[in-house]
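So the chains spell out like this:
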Amino acid sequence: MILLQTANLSKSYLIDPVLRGVDFEVQTNQRIGLIGRNGSGKSTLMKILAGELKYDSGQLHRAKELSIGYLEQTPPTSRIDATVYDYCLEAYRDLLDLQHELIRLTSEIARDPHNDDLQSRYSERQQAFDDANGYAVESKVRGILVGLGFSPEEQSKSISLLSGGERTRLELAYLLSRDYDVLLLDEPTNHLDIKAITWLEDYLQNYRGAVVIITHDRVFLDRTISHIYELENGQGSWFEGNYSSYVEQKRLRYEQQAHDYAGYLKKRQAEEDKLRVFRERSHKNAKFAARARDREKKLARMEVVDKPLWLDRSMKLRFQPSRTTGHDVLKVRRLAKAFSERALFSELSFDVFSGDVLGIAGPNGIGKTTLLKILTDQLKADEGEFYYGARVDWGYYEQANTKLDPQNDLITEINQTYPEMDVRQIRNMLAAFLFTGDDVFKTIGSLSGGEKARLALLKLMLEGKNLLILDEPTNHLDLPSKETLEAALRSFPGTLIFVSHDRYFLNQLSTKTLWLGEGDYRIIQGTFDDLSRPGAQELKPTAIKPTRSRPKDEAPAKQPASSDTALLRQLLSEEKDRETELEISWPEFYNETDSTHS
């Protein structure tokens, strides 16, 4: 049965068309992944389906009495005075009212036990309560909240005390507590750690209604959906199967489109060549003039075949180190850090060697970002030590991008760091990161979070470091952009340490994986998936203690204890909330300028 359907749907913002003739439908119990580049209209289409946004033309049909649950990326929360648990329990207001009526009827029957009317009403209400499984409501709500990362203690917290990311998780919990015919989820995994994402996958697999999901998490798509609908240039295309199946179908479809396009170009060129010859001879012979007119008409009637698009229409992102390290890159020994009375990690020891790719994963708020801040001398460890090997030059990508000067325009920001680059080179590099025209004269303080992230990645690329330390580099990247970044990091000849909650990214890149858990840790040889496999090779640090060697002109950052505590509080909040906005859509632009800073 078709629950939702659009026909020839179009939507523009001012003069910019976003959706052009979109035909989309949702059938009973269907699982649909809605994908496309940033700005392709995914959220716009979902808002229209939810009835939150008007469309310009076309048709939208909904089944009679259809119930729709809709999770926005930044949803509003109406009852900030309620607790987390009570807010979710309100999803069952009808059953709560029925329960209260049963309690009232019980009291009345106790006063008048021979009243047949009371007995009949009680029996009727009790049957309805049992049929709706009313006694399981409280345990179901608590189970959903725990699954999405709310501890029993946090369930008693007032909503007014929650961060933005926690409120988004709460809205998701509220929606999952109800039974909808269609569930529309816009980036539901943005504020979830890996454990909560895995729980959500299992929950959605058993959800009774249809589900439409926008997400950039490829593993999540593979495990939850059965159809892909891709928006590209304002129009949509259907693909059967999960994301991995989509990639293969997309490749085959592209190859066929490329073949058709090549044939079209060859045929058109042949007609244009004939037309040119006839025109050249038309002044000598009237027959050639007639033939030229026939060719013009034939070219005008020829069906135009558009140039096919492919996922990898991206710039060539290259990380190239200016020098190589020795074999030993980093040795961490018995590192410990606590916040107030809570230990984040202790006795943490591991080695990183040249060419290693160390992926770091773990629950939100466990101290992953804190560890990176210690390794980059922005926080002090409570105990333990770490050593960099000879000729190690590290570059750090942070989520907050606080090292960009908000007063600078983009050209000045790059020029101050790389004075040897002229304005033309700088503008070419900025254009490769989607800063074109007057954008290059914007002040950094006026940029969005995604624009600041693009600029920070550009600066990191220009640094030429041989050890890259990255904190959640894929946050809010669209799927093609993630794959572009993965390809660049796979070909990076240096060493890589990164924190990520993106399991696909972890599995694609990691040669070693560090899992930070509550009170313990594991480091293995292999990817994130290898953590759960029997026989995974556990890694132990070597006994040799190298002499610490820092890059020239790099000294440990000195921070007073008070600022250290404040920074740690901020880091834990940021890590738990994960609200960084990183939206990079690489253009169809290949930058071949060798501008590596050495």
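What counts and how
Residues numbered from 1 in each chain as written. Predicted model: local features only at pLDDT ≥ 70, side-chain atom pairs only at ≥ 80, totals over all residues. Heavy atoms only, no water. Helix = DSSP H or I, 4+ residues; strand = E, 2+ residues; numbered from the N terminus. Contact = heavy atoms within 4.5 Å. Pairing = 2+ DSSP bridges. Axes fitted to C-alpha atoms, helices over the stretch in contact; angles between N-to-C directions. Buried < 20%, exposed > 50% of the residue type's maximum accessible area, 1.4 Å probe, protein only. Core = buried A, V, L, I, M, F, W, Y, C linked by side-chain atoms within 4.5 Å. Domains from an automatic or database assignment. Phe/Tyr/Trp six-rings, centres within 6.5 Å; stacked < 30°, edge-to-face > 60°. Lys NZ or Arg CZ within 6 Å of the ring centre and 35° of its normal.

*Asks:* Please explain the overall build of the protein chain as it appears in this structure.
*Replies:* Along the backbone of the protein chain there are 17 helices and 19 strands. The long-range fraction of contacts in the protein chain, counting pairs at least 24 apart against all pairs at least 6 apart in sequence, stands at 72%.

*Asks:* Explanation requested: the side chain of Ser10 in the structure shown.
*Replies:* Within the secondary structure layout, Ser10 lies in strand β1 (residues 2-13). Residues within four places of Ser10 in sequence aside, it is in contact with Leu19, Arg20, Gly21, Tyr55, Asp56 and Ser57.

*Asks:* Help me out: how do you make sense of the sheet that holds strand β11 (residues 342-353) in this one?
*Replies:* Strand pairing within a sheet occurs via backbone hydrogen bonds; the two strands may be parallel or antiparallel. Read across the sheet, three strands follow the order β11-β10-β13 without closing on themselves; strand pairing throughout is antiparallel. Either end of the sheet is taken by a strand with one partner, and the two such strands are β11 and β13 (383-388). Across the sheet, the mean angle from the axis of one strand to that of its neighbour is 10°, orientation sign disregarded. Here strand β10 (residues 328-339) pairs with β11 via eight bridges, running antiparallel.

*Asks:* Help me understand unusual backbone geometry, please; the structure alone is not making it clear to me.
*Replies:* Peptide bonds are mostly trans, and most non-glycine residues show a negative phi. Positive phi outside glycine occurs at Asn8, with the angle close to 55°. Tracing the backbone through its elements, the reader meets Asn8 in strand β1. For Asn133, which is not glycine, the phi dihedral falls at a positive 55°. Here Asn133 lies in the loop between α4 (116-131) and α5 (137-147).

*Asks:* How do you make sense of helix α11 (residues 368-375) when you look at a structure like this?
*Replies:* Turn by turn, an α-helix covers 3.6 residues, leaving residues three or four places apart pointing in a common direction. Taken across its eight residues, α11 has eight buried, putting it largely inside the fold. Among all positions of α11, only Lys368, Thr369, Thr370, Leu371, Leu372, Lys373, Ile374 and Leu375 are buried. Positive backbone phi, approximately 60°, marks Asp377, located one or two places after α11.

*Asks:* Mind showing me how you'd approach the nonpolar core here?
*Replies:* Where a protein is soluble and globular, its nonpolar side chains tend to be buried together. One finds Leu145, Leu170, Leu176, Leu183 and Leu204 to be the most contacted residues of the largest nonpolar core, which totals 49 residues. Among the elements that make up this core, the one with the highest residue count is helix α6 (residues 164-177) (six residues). Both domains that meet at this core, namely domain 1 (1-67 + 180-241) and domain 2 (78-178), each give it at least three residues. Excluding residues within four positions of it along the chain, Leu170 makes contact with Val84, Tyr87, Cys88, Leu145, Phe150, Ile159 and Leu162. Judged by nonpolar contacts, the second largest core, of 43 residues, contains Val357, Leu410, Ala488 and Ile524.

*Asks:* So what exactly am I meant to see when it comes to the packing of aromatic side chains here?
*Replies:* Each pair of aromatic rings is reported with the distance of its centres and the angle of its planes. Considering all chains together, one arrives at 14 aromatic pairs under this definition. Between the aromatic rings of Phe24 and Trp238, the centroid separation amounts to 5.4 Å while the plane-to-plane angle is 10°, which identifies the pairing as stacked. With a gap of 214 residues between them, Phe24 in strand β2 (residues 16-27) and Trp238 in strand β9 (residues 235-240) connect regions that are remote in the sequence. For the pair Phe319 and Phe492, a centre-to-centre distance of 6.5 Å together with 80° between the ring planes defines the contact as edge-to-face. Separated by 173 residues along the polypeptide, Phe319 in the loop between α10 (286-301) and β10 and Phe492 in the loop between α15 (479-490) and β16 (495-499) bring together distant segments of the chain. No difference in accessibility class separates Phe319 from Phe492, as the two residues are buried. It is Arg142 that lies over the ring of Tyr85; its NZ or CZ is 3.7 Å from the centre.

*Asks:* Can you help me understand the sheet that holds β2 in this one?
*Replies:* Read from one edge to the other, the open sheet built from three strands follows the order β2-β1-β4, with strand pairing classed as antiparallel. Of all the strands in the sheet, the pair left with one neighbour each is β2 and β4 (57-62). Along the sheet, successive strands turn relative to each other by an average axial angle of 15°, direction set aside. Note: β1 against β2, eight bridges, orientation antiparallel.

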